[in-house]
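An overview of the molecular structure
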Amino acid sequence: MLRLAVLVSGGGTNLQAILDAITAGSVTNAEVVKVISNSRKAYALERAAAAGIPTACVTRREHPDVEDFDTALLEELQEAFPGRDIHMDPLSLSVAGLR
């Protein structure tokens, strides 16, 4: 089973598509175990909560220093995947609008 943490910043339409595919059975080997947003107002957090998925919010306002932000995000990922090595690519975070 592939365990997924989904990073979101807005409405969560991609998250919903993943959840719908899992529910419909077109994706049979995955489960979303955590949703992390950089905005407390992101509707994606409501979608996740409605699906019973744990959520977290790591904002630049609360973590203005880049290293502090990365550490907070890493802590949330480590909570979702205990005992796993996690590599975060800074460019991917920037492209995703999380950094």
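Since we're looking at a predicted model, the values are computed, not measured.

Right, let's talk about the nonpolar core for a bit. Considering soluble globular proteins, one finds that nonpolar side chains tend to be buried as a cluster. Val6, Val8, Leu15, Leu19, Val32, Val35, Ala42, Ala44, Leu45, Ala48 and Ile53 form the largest nonpolar core, which has 11 residues in total. Of all elements in the fold, only β1 (2–8), α1 (13–24), β2 (30–37) and α2 (43–50) reach the threshold of two or more residues within this core. If one sorts the elements of this core by residue count, α2 sits on top with three residues. Aside from chain neighbours lying at most four places away, what touches valine 35 is Val6, Val8, Leu15, Leu45, Ala48, Ile53, Pro54, Thr55 and Ala56. Within the second largest apolar cluster, eight residues are counted, among which are Ile36, Phe69, Ala72 and Met88.

Each strand in a sheet pairs with its neighbour through backbone hydrogen bonds, running either in the same direction (parallel) or in the opposite one (antiparallel). Across the sheet, which stays open at both edges, the three strands sit in the order β1-β2-β3 with parallel pairing between neighbours. A single partner strand is all that each edge strand has here, and the edge strands are β1 and β3 (55–57). On average, each strand axis in the sheet is inclined to that of its neighbour by 25°, with strand direction left out of account. As judged from the three bridges shared by β2 and β3, these two strands associate in the parallel manner. Opposite valine 35, over in β3, you have threonine 55 as the bridge partner. Contacts from α1 reach β1 and β2, with the element oriented near 160° to β2. The sheet strands contacting α2 are β1, β2 and β3, and the helix crosses β3 at an angle near 160°.

Across all of its chains, the model carries four salt bridges by this definition. A salt bridge links lysine 34 to glutamate 76, with the nearest nitrogen and oxygen atoms 2.5 Å apart. With lysine 34 in strand β2 and glutamate 76 in helix α3 (residues 66–80), this pair connects stretches of sequence that are 42 residues apart. We note that lysine 34, like glutamate 76, is buried. In this structure, lysine 34 engages glutamate 79 in a salt bridge whose closest nitrogen and oxygen atoms are separated by 2.9 Å. With lysine 34 in strand β2 and glutamate 79 in helix α3, this residue pair connects regions lying 45 residues apart in the sequence.

Definitions and limits used
- Residues numbered from 1 in each chain as written.
- Predicted model: local features only at pLDDT ≥ 70, side-chain atom pairs only at ≥ 80, totals over all residues.
- Heavy atoms only, no water.
- Core = buried A, V, L, I, M, F, W, Y, C linked by side-chain atoms within 4.5 Å.
- Buried < 20%, exposed > 50% of the residue type's maximum accessible area, 1.4 Å probe, protein only.
- Helix = DSSP H or I, 4+ residues; strand = E, 2+ residues; numbered from the N terminus.
- Contact = heavy atoms within 4.5 Å.
- Pairing = 2+ DSSP bridges.
- Axes fitted to C-alpha atoms, helices over the stretch in contact; angles between N-to-C directions.
- Salt bridge = Lys/Arg side-chain N within 4 Å of Asp/Glu carboxyl O.

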